[in-house]
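# Observations on the three-dimensional arrangement
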Amino acid sequence: MTIDHDRLFKELISTFFTEFIELFLPAIACDIDKNSIQFLPEEVLVDVTAGDKKIIDLLAKVKYQEKDTFFLIHVESQSYTQQDFTKRMFKYFARLYEKYDLPIYPVVIFSFDEPLRPEPKIHSITFPNLDVLKFEFAGIQLNRISWRDYLTQQNPVAAALMAKMNISPQERPQVKAECLRLLTTLKLDPARMQLISGFVDTYLNLNEVEEQTFKAVISTMGLEAKEEYMEIITSWERKATQKTLKTVVLNSLREGLSVETVARITGLTVEQVQQLQLELADVSKEE
């Protein structure tokens, strides 16, 4: 199943924007008037020469503490390594700066698992006698951050992004348990709790062996007695059931069964099966 990384990260950061800034950018967090944060309309940048169209992930307008001046925070999530990415970030910066005429603080979250080498964060143009440009953004490379450093952070973004930090294969069940433990301490409303638990479950989708280790770790933490734990586990089980049911429907349709037959077998409505049939058709077109 393809993961929509951009959507997941945008949803997480826009929902917990203040917490994100406080966790990863404390130097500017203290300068921001938290009541002034305003997310600007979706920006579509077109590169005519390359034939590309890019939608800016997140652009927020914020006010300095006790001042009447504003600046922008531009956040991009990058789920794969890309040559000349720093140049692309500079182009975004230049176009946004031209449009809004405000200082811009650019931030990139690198969320890929590999490579582990440090990603470049500077785009420069120099001549022997002249430094024309030095553009730099704040880079947060998750696969170079230890999840253990965030175990005690009372921050919902930490509870989510630990799932994408530097994790060895054998640590996956423990990290998922730690994300869950931290999440149950945050006293979030059900919608926000489900957002984070869904994020964690997407990136730490355990196999059967890992699931047994996960349950053993959870048992040592004593989380089974917590209501929040049961709510999260129930939502994960419901999601797994829906995923399995969707797979059954799609496979049945591929084998040529009628919509009505599939609906009768699965207990879904005809309309629900038809919707999944449309998804199957879209996938076939892309292939």
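- The protein has the name Rpn family recombination-promoting nuclease/putative transposase in an unreviewed UniProt entry, where Nostoc punctiforme FACHB-252 is given as its organism.

## What about unusual backbone geometry?
- Between Glu-114 and the following residue, Pro-115, the backbone shows a cis peptide bond with an omega angle of 0°.
- Tracing the sequence through the fold places Pro-115 in the loop between strand E6 (104-110) and strand E7 (122-127).
- Positive phi, close to 65°, is recorded for Asp-84, a residue that is not glycine.
- Mapped onto the elements, Asp-84 comes out in the loop between strand E5 (70-78) and helix H4 (85-100).
- Owing to a relative accessible area of 52%, Asp-84 belongs among the exposed residues under this scheme.
- For Asp-101, which is not glycine, the phi dihedral falls at a positive 55°.
- A residue is classified by how much of its surface remains accessible, and Asp-101, at 60% relative accessible area, is exposed.

## Regarding the environment of Val-209
- Here Val-209 lies in helix H8 (residues 208-221).
- Sequence-wise, Val-209 and Pro-173 are 36 residues apart; in three dimensions their C-alpha atoms are separated by 9.4 Å.

## Observations regarding the nonpolar core
- Ranked by size, the top nonpolar core spans 58 residues in total, and within it Phe-20, Phe-24 and Ile-73 carry the most contacts.
- Residues in contact with Phe-24, not counting those within four places in the same chain, are Ile-140, Leu-142, Ile-145, Tyr-150, Val-157, Leu-161 and Met-165.
- If you look at the next biggest cluster of nonpolar residues, it comprises 18 residues, including Leu-72, Ile-104, Phe-112 and Phe-135.

Definitions and limits used
Residues numbered from 1 in each chain as written. Predicted model: local features only at pLDDT ≥ 70, side-chain atom pairs only at ≥ 80, totals over all residues. Heavy atoms only, no water. Helix = DSSP H or I, 4+ residues; strand = E, 2+ residues; numbered from the N terminus. Buried < 20%, exposed > 50% of the residue type's maximum accessible area, 1.4 Å probe, protein only. Core = buried A, V, L, I, M, F, W, Y, C linked by side-chain atoms within 4.5 Å. Contact = heavy atoms within 4.5 Å.

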